[in-house]
Each structure stands twice: as structure tokens, then as C-alpha cells.
2 protein chains.
Amino acid sequence: MAVQRATNVVWHDGNVGRQERWSKIHGRGATLWFTGLSASGKSTISAALEAALIGRGQPCYRLDGDNIRHGLNRNLGFSAADRAENIRRIGEVSKLFADAGVLSLTAFISPYRADRELVRRLHDDAGLKFIEIYVDAPIAVCETRDPKGMYKRARAGLLKGFTGVDDPYEAPEKPELVLKTGELSVVQSVEVCLSFLEEQGLLLAPRNY
Amino acid sequence: MAVQRATNVVWHDGNVGRQERWSKIHGRGATLWFTGLSASGKSTISAALEAALIGRGQPCYRLDGDNIRHGLNRNLGFSAADRAENIRRIGEVSKLFADAGVLSLTAFISPYRADRELVRRLHDDAGLKFIEIYVDAPIAVCETRDPKGMYKRARAGLLKGFTGVDDPYEAPEKPELVLKTGELSVVQSVEVCLSFLEEQGLLLAPRNY
């Protein structure tokens, strides 16, 4: 295609490069992968972090059970193969958001190390940062919170294969961040995340229109 | 979570609403679904439109064979079921981008009406605009272009199930836009798309940093 100028339009040959894209839309792409037990605080913290980032005007999007299990992954169940495929697809979508210049936050238990490592590799291969955030609360604390009564049902044998009860949670070996949510408040946890993003050059100055 | 203010952080209770999200990141979400024969111009036009939008500072992302077939949909083949699942997943991802406030452009032949209608319904149900753009070039024109020699191989019987040769292309019945690329240049096609986006309130004023 010939390079030419029309009203308000700058024409390019070929594709837009990643750095140019990020800079033009005032975004930075990376994946913040929250992992931890049910009721450890993944959803609460990632939702609060998302609100903080959006409040600053920085593109950001959260993938969680609500928008994934009823959409993209509605045709997956809970077999071992389907659980792995669930995480793989989330990882691929997360990578696309990151490439687009949107900070991608994911909030899934994602209990298996191998599944998370696969997602890390997908990002590495694409030259994108994968930031594993271990939301680390003792299971006793999670069971006390138990907002949906899931632990209670699992302990009663009404739910099978529940992480931490009759299915393992494989804690990250080298996560980029650990949030001990038995000790930190939500506000403190979000501030830890924001500081880390700043150190990594992923936090942009706030802007207003 | 309590409402409180920390440095540069505005705390919210609960989730960020769509309109607030779009306005804060200077984005508008919708899906522009380009459909048409191989070599009709889907990729070229959507890439040029993407470049124009990014050049204006508006969040935008293109899904195409390169970033989907080798990633999210790498485990799909070309059976009837896999083709339908291919389009369904693209539709779901596209919807997530739109929700995030990113204009989502997709460039896939997507030959079957039922598959495209399913994607339209997904967007309708989510209160998001689905803009079907029929990239309409006569097959004779596409065959003359044939940049990858695919038509030649299909005519020689070396490629089976090739759209337009031995598999049907079901043209859209009520597309939001038709681009007759045998008559319009790429620049003209992009301008038609930009005007349509403007009419729909989906084109933001250009900005610079």
C-alpha cells in the first residue's frame, strides 16, 4: 500500500509495531496472573487493582470465571484435560490483551504448576512479561472466609476435586510477587502490585480527559 | 471494600462499569467483523484501518490467522465442528476486547452464515455492537490476486474444501457495511469504515502525547 495522508489518517505500510501501538494508545501490555486457593483474595485484589488502573486511565482488563466460564470456555468441564485447556485458553487470550497494550489481570485458582508454566512460556516466546502473583492465604483463613460455602460443601463430600480439600494446590516456586492476604489488607495488596508495576516500567502517569 | 483514597488511587466498591472504563481509557468497544473470500482484501483493509485507528490513539486490536491459528486455536483442525469452534472462540475473544473498550477487528473468511450469526448473538446478548463488514470481491478478482497461490492449488485439487472453489461462501444477508474491493482502493475502503465508525459514535477525536 502506498504511503499517503488523508484527513487525520496516517497511513502505514504493513503492521503496527508493538512499541508504537503501546505508546500511541497510552498503554503497556503484560499479564498479571493471580493464583491461589479459593477465597484467598484473587478476585477482590485483582478487581481493586483494575479499578485503580482504570482510574488512572491505563488500559486494563480482568479475566475471571464470570467472563470466561460462561463464554470462551463454556464448552469445557472439569476433567483433567479440560482444566488444562481452560488455563491454556486463558493464557492465550491474556497474551493477546498484553500484545494489544492492555494490562491483563487473571483471577483463577490455576492450581497446577505445569499449566502456569505453559502460560509463562507462551508469554516468554512472544516477548511479553508474565507476572505470577501468588495470593497466599493459609487454607484455614480461606475456609473461615468461604463466601460461597464451597469449602463447607467440599468437606461434606458434596463437591469433589476441590482444590486444597481433595485436590492439590501446587504453590508457585518463583512467583514475581507474593501477597500474604492473611496479613495484608486489600489496599496494601493493591499498593504492592502498583509499586511492582512501577518498578517494571508498566505503570504510566495518570491522565484525565 | 471501604472507599478510601491513597496516592493517585481512587478506590471503588465492586467492578468498574463499562461506560466508565471506556471513558477513562479513551476507548470505545465494538467488533468489526470482516468476512469475505480468500484474497478479497480482509487482511489488507483491516490492517490499514488498525494502523489508522492506532495512529489516532484509539485502542484497537486485530485478530487474524497469524495470532489465532498459532495460539488460541492451535488445537483446532478443519473439520466442520472445528471450523465452527474456531469462529465461536474468535467471537468470544472479540467480545472481550470490545467489553474492554478496544475496537476489535477480525479478518477471517468465516464463510458460514450460522457461525457469524452466533457471534452476532453473543455480542447482542452482551449489549455490544457487532458490525459485519462484507468484503465483496468477485471470485475472478480474488483468483487473479491469489497472493499465496491457494486458488491455483485448490483448482488443481491439491487443497480440499477451499471456500469458493469446492466449499460454499455464504454471503451476509444484512451486513452493516459492504466494501466492493474490486472497485474501491484500500484507502477508500478504510475511509468508508472510519465514516461508519464516526456515525456510530465509535470514533474518538485523535490525540497525541
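Coordinates for the structure precede this section.
Read on for an overview of the structure. (Residues numbered from 1 in each chain as written. Chains lettered and ligands numbered in written order. Predicted model: local features only at pLDDT ≥ 70, side-chain atom pairs only at ≥ 80, totals over all residues. Heavy atoms only, no water.)

Thoughts on the nonpolar core
- With 30 residues, the main nonpolar core has Leu63, Val93 and Phe97 of chain A together with Leu63, Val93 and Phe97 of chain B as its most contacted residues.
- Residues within four places of Phe97 of chain A in sequence aside, it is in contact with Tyr61, Leu63, Val102 and Ser104 of chain A together with Leu96, Phe97 and Ala100 of chain B. (Core = buried A, V, L, I, M, F, W, Y, C linked by side-chain atoms within 4.5 Å. Buried < 20%, exposed > 50% of the residue type's maximum accessible area, 1.4 Å probe, protein only. Contact = heavy atoms within 4.5 Å.)

What to know about the pattern of salt bridges
- With the rule as written, the count across this model stands at 36 salt bridges over all chains.
- With its nearest N and O atoms 2.9 Å apart, the salt bridge here joins Glu50 of chain B to Arg21 of chain A. Highlighted residues: Glu50 of chain B in helix α2 (residues 42-55) and Arg21 of chain A in helix α1 (residues 18-25), drawn from two different chains.
- Ionic contacts of the salt-bridge type, sharing partners, join the residues Arg74, Glu85, Arg88, Arg89, Glu92 and Lys95 of chain A together with Arg74, Glu85, Arg88, Arg89, Glu92 and Lys95 of chain B into one network. (Salt bridge = Lys/Arg side-chain N within 4 Å of Asp/Glu carboxyl O. Helix = DSSP H or I, 4+ residues; strand = E, 2+ residues; numbered from the N terminus.)

Quick look at the packing of aromatic side chains
- All chains considered together, the criterion is met by 9 aromatic pairs over all chains.
- Plain terms: the ring middles of Trp33 of chain B and Phe130 of chain B are 5.9 Å apart, the flat faces sit at 45° to each other, and that makes the pair tilted. Of this pair, Trp33 of chain B sits in strand β3 (residues 30-35) while Phe130 of chain B sits in strand β6 (residues 130-135); the two residues are 97 residues apart in sequence, bridging distant segments of the chain.
- For Phe130 of chain B, a relative accessible area of 5% corresponds to the buried category.
- Look at Tyr134 of chain B and Tyr169 of chain B: their rings are 5.9 Å apart centre to centre, the planes differ by 20°, and that puts the pair in the stacked class. Here Tyr134 of chain B is found in strand β6, whereas its partner Tyr169 of chain B is found in the loop between α7 (150-155) and β7 (177-179), with 35 residues between them in sequence.
- Exposure remark for Tyr169 of chain B: the relative accessible area of 17% places this residue in the buried category.
- Each residue in the set Tyr61 and Phe97 of chain A together with Tyr61 and Phe97 of chain B is aromatic and connected to the rest through ring pairs, giving one cluster.
- Its guanidinium or amino end placed over the ring of Phe78 of chain A, Arg69 of chain A lies 4.3 Å from that ring's centre, counting from NZ or CZ. (Phe/Tyr/Trp six-rings, centres within 6.5 Å; stacked < 30°, edge-to-face > 60°. Lys NZ or Arg CZ within 6 Å of the ring centre and 35° of its normal.)

Here we look at the interface of chain A and chain B
- Between chain A and chain B, the residue contacts involve 55 residues of the former and 55 residues of the latter.
- With both sides pooled, the region where chain A packs onto chain B buries about 4600 Å², and carbon together with sulfur makes up 63% of that total.
- Where chain A touches chain B, the interface holds 6 salt bridges.
- Remark: the boundary between chain A and chain B carries 20 residue pairs in polar contact (both at pLDDT 80 or more).
- By residue class, the composition of the side of chain A that touches chain B is 30 nonpolar, 12 polar and 13 charged. (Buried area = accessible area lost by both parts, 1.4 Å probe. Polar contact = N/O pair within 3.5 Å; in protein donor to acceptor, adjacent residues only side chain to side chain. Nonpolar A, V, L, I, M, F, W, Y, C, P; charged D, E, K, R; others polar.)

Topic: the environment of Phe97 of chain B
- Topologically, Phe97 of chain B is positioned in helix α4 (residues 80-100).
- Each C-alpha atom, one on Phe97 of chain B and one on Thr31 of chain B, is 8.2 Å from the other, the two residues being 66 residues apart in sequence.

Examining the layout of surface pockets
- In this structure, the largest pocket encloses a volume near 1500 Å³.
- Forming the boundary of the largest pocket are 47 residues, of which Lys42, Ser43, Gly65, Ala107 and Lys148 of chain B lie nearest the centre.
- Of all the secondary structure elements, the ones that give two or more residues to the lining of the largest pocket are α1 of chain A together with α2, β4 (60-64), α3 (65-72) and α4 of chain B.
- Counting residues per element, the lining of the largest pocket draws most heavily on α2 of chain B, which supplies 5 residues.
- Each pocket or cavity is described by its volume, and for the second largest pocket that value is around 1200 Å³.
- The wall of the second largest pocket is formed by 42 residues, among which Ser38, Lys42, Ile109, Lys148 and Met150 of chain A lie closest to the centre.
- Looking at the lining of the second largest pocket, the elements with two or more residues in it are α2 (42-55), β4 (60-64), α3 (65-72), α4 (80-100), α7 (150-155) and α8 (186-199) of chain A.
- Residues that form the lining of the second largest pocket fall into these classes: 17 nonpolar, 14 polar and 11 charged. (1 Å grid on protein atoms, 1.4 Å probe; cavity = no way out; pocket = protein on both sides within 12 Å on 5 of 7 lines; lining within 4 Å. Points joined across faces, edges and corners; volume = space filled by probe spheres on them.)

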